[in-house]
Structure formats: structure tokens, C-alpha cells
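# Results of the structural survey
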Amino acid sequence: MYLIVGLGNPTYQYARTRHNIGFEVIDELADRNGISMELHKHKAICGKGSIAGEKVILLQPQTYMNLSGESIREAIGYYKLNPKNQLLVIFDDISLDVGRIRLRAKGSAGGHNGVKSIIACLGMDEFWRIKVGVGEKPKGWDLADYVLGRFNEEDRIKADESVERAAKAAECILQKGMEAAMNLFH
């Protein structure tokens, strides 16, 4: 069984913002694989199903970004999963151009508060990640204002393509493993 988590903020006001692109990838995975996102457990909206022949839990924490680790820790404990090879976290990355994705098997938080929360709550940084590029914040902009803002029309098209690509990468990780997926999607 795998836990696949998309990071974002709850409520309609944050829908389709740069910071919620992880939620969008979970929605894409749910749609592609016929998984209903109707459960409310682990301080999250969840769906149970199968992707690439593997049992999965799709999770969208409802704790707000900076407390994402609380929801993930609860789900990891409940399902008795090993974060090193059964947890995949999908989130926005301002160091990647819009439309790009990057896969990693472990690493630091890189300044991302949601990932900082996960590392703090799990006590480790060894879990799979898919970073979805949202572009660098413009000079003079506040970081929070930027990530909580929405894409312009041109970037929204690229972002939608990266959401689909990230979903395909997640499916590939389950089918072929992280190393093979990294080779295919970088």
C-alpha cells in the first residue's frame, strides 16, 4: 500500500493557486484511476483505490500547508506504512519553472513550509517527492502573496500540463520504482 499526498490549503479561496498544485495532482490521479475523494480521515480528504495494480490512499491534508505533517503522520501511523518506500508527497516548487517537474527520493525541505512540517512530524527526510514547478517569485513580491496567487493564462496552460505529467510520474513510480521514474521524467 502507498500513501500519495498532495500538499495545499483547504477552502475554495485557495483553489487553483500555485501553492495548491499538489491538490490538483491528487485530483488528477483520482480522476484517472476512478478513485472517489469522499473520505474525511486523518485531518484530510482521502480516497482509497488502486493505481497500477497497487493499493493506494490519496490524501489532501486539510490542516493548512504549514501543518501538513500532522495529517501525514496520522495516516502513516494508522496504515503502518514505511515513509521511505510507501509515501509520495507532491508539492509546488518555486525553484522550478512553470511546467517542469522533478522527482526526488529524499532531501531537505528547501524552504517549503509544508515539507518542513512533514520532516518535523516524521523525524526524517527520506520520503519520495514530486516537485511541481510554479516559477520563481518576481522581485519585490512577498513569497506568501506569490504562492497564494493564481497563474496567468499562459502559465495556467503549462501548469495544467505539469499536473498531468506529475500524475503520470506518480503512476510510473508505482509501476517501475522511483529510480526508473526519475530516469523517464527528468
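The structure under discussion appears in the preceding block.
Here is a short report on the structure shown in this document. (Residues numbered from 1 in each chain as written. Predicted model: local features only at pLDDT ≥ 70, side-chain atom pairs only at ≥ 80, totals over all residues. Heavy atoms only, no water.)

## Some remarks on the sheet that holds strand 2 (residues 39-41)
Spatial strand order, 2-3-4-1-5-7-6: 7 strands in an open sheet with mixed pairing. A single partner strand is all that each edge strand has here, and the edge strands are strand 2 and strand 6 (101-104). On average, each strand axis in the sheet is tilted by 25° relative to the strand beside it, whichever way the strands run. With respect to the sheet, helix 2 (residues 68-79) is in contact with strand 1 (2-6), strand 2, strand 3 (44-51), strand 4 (54-61) and strand 5 (87-93), its orientation differing from that of strand 4 by roughly 155°. (Pairing = 2+ DSSP bridges. Helix = DSSP H or I, 4+ residues; strand = E, 2+ residues; numbered from the N terminus. Axes fitted to C-alpha atoms, helices over the stretch in contact; angles between N-to-C directions. Contact = heavy atoms within 4.5 Å.)

## Brief notes about the pairing of strand 1
For strand 1, the tally of buried residues reaches 5 of 5 residues, placing the bulk of the element in the interior. Here strand 1 shows no split at all, with Tyr2, Ile4 and Gly6 on one side and Leu3 and Val5 on the other all buried. Bridge analysis of strand 1 against strand 4 gives 4 bridges, and the strand direction is parallel. The residue bridging isoleucine 4 from the neighbouring strand is leucine 58, located in strand 4. (Buried < 20%, exposed > 50% of the residue type's maximum accessible area, 1.4 Å probe, protein only.)

## Remarks on the layout of surface pockets
If you roll a probe as big as a water molecule over the atoms, it shows you where there is empty space left. Its volume calculated, the largest pocket comes out at about 450 Å³. Every residue lining the largest pocket is counted, 21 residues in all, and those nearest its centre are His19, Gly111, His112, Asn113 and Leu143. Contributing elements (two or more residues each) for the lining of the largest pocket: strand 5, strand 7 (128-133) and helix 5 (143-147). A class-by-class count of the residues in the lining of the largest pocket yields 8 nonpolar, 9 polar and 4 charged. In this model, the second largest pocket occupies a volume close to 170 Å³. In terms of lining residues, the second largest pocket is bounded by Asn9, Pro10, Thr11, Ala15, Arg16, Asn20, Phe23, Glu24, Asp27, Ile45, Gln60 and Gln62. A per-element tally of the lining of the second largest pocket places helix 1 (residues 21-33) first, with 3 residues. Looking at the lining of the second largest pocket residue by residue, the classes come out as 4 nonpolar, 5 polar and 3 charged. (1 Å grid on protein atoms, 1.4 Å probe; cavity = no way out; pocket = protein on both sides within 12 Å on 5 of 7 lines; lining within 4 Å. Points joined across faces, edges and corners; volume = space filled by probe spheres on them. Nonpolar A, V, L, I, M, F, W, Y, C, P; charged D, E, K, R; others polar.)

## What about the nonpolar core?
One finds Ile4, Leu29, Leu58, Ile90, Leu103 and Ile130 to be the most contacted residues of the largest nonpolar core, which totals 35 residues. The dominant element in this core, judged by the number of residues it contributes, is helix 6 (residues 153-176), at 9 residues. Formed by 22 residues, the second largest nonpolar core is a distinct cluster that contains Ile57, Leu81, Val89 and Phe127. (Core = buried A, V, L, I, M, F, W, Y, C linked by side-chain atoms within 4.5 Å.)

## Section: the side chain of serine 117
Mapped onto the secondary structure, serine 117 falls in helix 4 (residues 113-122). Judged by its relative accessible area of 8%, serine 117 falls in the buried class. Setting aside residues up to four positions removed in sequence, serine 117 forms contacts with Asn66, Leu67, Ser68, Gly69 and Glu70.

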